[in-house]
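# Topology and contacts: notes
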Amino acid sequence: MYKVMIVEDEMLVRIGLKSSVDWNRFGMEVAADYPDGQAAWDGYLRDKPDVVITDIRMPRMDGMQLIANIRERDKATRIVVLSCLEEFELARKAMAMGVSGYILKLTMTEEEISETLHGIREELDRLGGGGSPDGSRGLGASLDLIKEKMLKDFLFYGILKAEEFERFAEQSGMRLTGSRTVACTMEVDRYGELKRKFKDGHGHLIKMTLLNLLGEIMSGHKRGEAFFLDETHYLLLFDFPDTPSELAIKRETTVILGQIREAIRTYFNGSVSFGISGVQSGFGSLPKLHADSRRALERKFWTGPGLMHEPQQPADMEPIRLRLEAIRNFEPLRALLSPMKLKEYERFVELIESGLTEERKAIEIGLFQFVQWVGTNVYDDRQNEKTP
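Here's a quick rundown of the structure.

### Considering the overall build of the chain
- The number of helices and strands found in the chain is 16 helices and ten strands.
- Of all 388 residues assigned to the chain, the portion counted as buried reaches 47%.
- If you sum the accessible surface of the chain, you get close to 19600 Å²; carbon and sulfur atoms cover 53% of it.

### Here we look at the environment of Leu-257
- Take Leu-257: it is sitting in helix α10 (residues 246–268).
- As for Leu-257 and Ser-273, which are separated by 16 residues in sequence, their C-alpha atoms are 9.5 Å apart.
- Beyond its immediate chain neighbours, meaning those up to four positions away, Leu-257 contacts Cys-184, Leu-236, Phe-238, Phe-274, Ile-276 and Met-308.

### Observations concerning empty space enclosed by the protein
- As enumerated under the stated definition, the model contains one cavity of 30 Å³ or more in all.
- Considering only enclosed or pocket space, the largest cavity measures out at about 30 Å³ in volume.
- In terms of lining, the largest cavity is formed by Leu-17, Trp-23, Ile-53, Val-80, Ile-103, Ile-113 and Leu-117.
- Residue composition of the lining of the largest cavity, by class: seven nonpolar, no polar and no charged.

### A short note on the sheet that holds strand β4 (residues 78–83)
- With parallel pairing, five strands are arranged side by side in an open sheet as β2-β1-β3-β4-β5. Because the sheet does not close on itself, it has two edges, and the strands there are β2 (28–34) and β5 (101–104). Averaged over all neighbouring strand pairs, the angle between strand axes comes to 20°, with direction disregarded.
- Relative to strand β3 (residues 51–55), strand β1 (residues 2–7) runs parallel, the two sharing four bridges. Bridging across to β3, Val-7 finds its partner in Thr-54.
- Helix-sheet contacts for helix α1 (residues 11–20) involve β1, β2, β3 and β4, and the interaxial angle to β2 is about 165°.

### Section: the pairing of strand β9 (residues 272–276)
- Within β9, five of the five residues are buried, leaving the element largely enclosed by the surrounding structure.
- Neither face of β9 is left uncovered, since the one carrying Val-272, Phe-274 and Ile-276 and the one carrying Ser-273 and Gly-275 both have all their residues buried.
- Pairing analysis gives five bridges linking strand β6 (residues 181–188) to β9, with the strands arranged antiparallel. Within the sheet, the bridge partner assigned to Met-186 lies in β9 and is Phe-274.
- When β9 meets strand β10 (residues 308–309), the two strands line up parallel, connected through two bridges. Across the sheet, residue Phe-274 finds its bridge partner in β10, namely Met-308.

### Considerations on the environment of Phe-168
- Along the polypeptide, Phe-168 turns up in helix α7 (residues 162–171).
- A C-alpha to C-alpha distance of 8.9 Å links Phe-168 and Lys-147, two positions 21 residues apart in sequence.

### Quick notes on the pattern of salt bridges
- With the rule as written, the count across this model stands at 25 salt bridges.
- The residue Asp-33 makes a salt bridge to Arg-14 at a minimum N-O spacing of 2.9 Å. Taken together, the residues span a long stretch of sequence, with Asp-33 in strand β2 and Arg-14 in helix α1 at a distance of 19 residues.
- By relative accessible area, which is 11% here, Arg-14 ends up buried.
- With a closest N to O distance of 2.4 Å, Glu-115 and Lys-207 form a salt bridge. Residue Glu-115 is found in helix α5 (residues 110–128), and its partner Lys-207 is found in helix α9 (residues 204–221); the two are separated by 92 residues along the sequence.
- You can call Glu-115 partly exposed: its relative accessible area is 21%.
- The class for Lys-207 is buried, based on a relative accessible area of 7%.

### Some words on the packing of aromatic side chains
- Tallying each qualifying case throughout the model produces twelve aromatic pairs.
- Ring geometry for Phe-156 against Tyr-157: centres 6.3 Å apart, planes inclined by 70°, an arrangement best described as edge-to-face.
- Each ring, one from Phe-165 and one from Phe-168, has its centre 6.2 Å from the other, and the planes form 40°; the classification is tilted. Note that Phe-165 and Phe-168 are positioned in helix α7 at a spacing of three residues, about one turn of the helix.
- Note on Phe-168: relative accessible area 2%, which makes it buried.
- Ring pairs connect the aromatic residues Phe-154, Phe-165, Phe-168 and Phe-283, which therefore count as one cluster.

The rules behind these values
For every chain, the first residue of its written sequence is number 1, and the numbers climb from 1 along that sequence. A pLDDT threshold of at least 70 governs which residues receive local features in this predicted model, and a stricter bar of 80 or more applies before side-chain atom pairs are shown or counted, although totals over entire chains, interfaces and linings include all residues. To get the side-chain values, take all heavy atoms of the structure and skip hydrogens and water. Strands are runs of DSSP state E lasting at least 2 residues, helices are runs of H or I lasting at least 4, and numbering of each runs from the N terminus. Burial here depends on accessible area, computed with a 1.4 Å probe over protein chains only, as a share of the maximum for the residue type. Under 20% is buried, over 50% is exposed, and the range in between is partly exposed. For the area figures, the Shrake-Rupley method with a 1.4 Å probe applies, and any residue is considered shielded solely by the protein chains shown. By definition in these notes, contact holds between two residues if any of their heavy atoms fall within 4.5 Å. Every definition here rests on a 1 Å grid over the protein atoms only: cavities are sets of points where a 1.4 Å probe fits but cannot get out, pockets are open sets enclosed by protein on both sides within 12 Å along at least five of seven lines, and lining residues have some atom within 4 Å of a point. Grid points are joined across faces, edges and corners, and a volume is the space filled by probe spheres set on the points. Note on residue classes: Ala, Val, Leu, Ile, Met, Phe, Trp, Tyr, Cys and Pro are nonpolar, Asp, Glu, Lys and Arg are charged, and everything else, Gly too, is polar. Being paired, for any two strands, means DSSP has found at least two bridges between them. Axis definition: a line fitted to C-alpha atoms, over the contacting stretch in the case of helices. Angles run 0 to 180 degrees between N-to-C directions. Salt bridges are defined as contacts in which a side-chain nitrogen from Lys or Arg sits within 4 Å of a carboxyl oxygen from Asp or Glu. Classification of ring pairs rests on two measures: the distance between centres of Phe, Tyr or Trp rings, Trp counted by its six-membered ring, which must be within 6.5 Å, and the angle between planes, read as stacked under 30 degrees, edge-to-face over 60 and tilted in between.

Written as structure tokens, this is what we have:
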């Protein structure tokens, strides 16, 4: 078991963290907890914990000094910073000292803590196998986790206001100015197949590889930032303060997304689909831009995977109508239905075709009912044939 030391001057936070986490799940146990940096330093010298989770502002010795003291003696101990939003500048300096994780105290969730501890466990396992103890990989992963959390706190949970996220973007050095912004939601097609192919049960390898790939391409174009939303979705935000023409913005966005799509095809032998928003300015417009990109992405339901979808772009229904026609005339299935059931079958296909302009949910329900009808009636007709 890896030994954990918690350092936090707020008693409720310290006790809550100690008692609410299933440490055994991560192969860890809390060996000690302390209310200040000096007591923690004395305990560190005595117990040599594998993981130190520490606040920044504390009496007697602050977290920055504690981290510096630990790093002078060893590079292998994994360190996670507990902090508040207004302490981000200090936390960023701490990350440069080889910190593996960063958690906002007031908004930390079970999912966030679990993901952080899972990453720490992987780092410790690698170190045990002779991995590099410089913490550089953990720094990159931590920055991605911080960016992800701050974006979600702003976009989805309403914890951060637009001006707070804007300040964070500036302090963290993100390539975002809020000027002439385009949001693109990227969906990984056939994600389950990708996980099986790479034997990545939890999806961590795919997530980190995709974030690195997206970051490299967007950095090369000096445009925007990439954020993890969930297993299959990533949000790409592009700023074009130097491009007055929306047509030019559209062209450049298409070029960057095309490069991303080709890289994923090359490295993963997979495909991705994109929903692209219009152009707006101001960090306050990001929730709407994100929502617009998700609505555009819904066209994938009609057109299939691997395409780029723009707002107000009508979906091409002709391929779908051709498929419905092929279903209507599918002779092996028609041969299994009685004449009366055949007429019902054709009416069902006509209903689906006439409802293609309806909301996706209504179409999904109609398709489900159609499949259910086919299964039931083919079975019934076959059973009737067997009845003497």
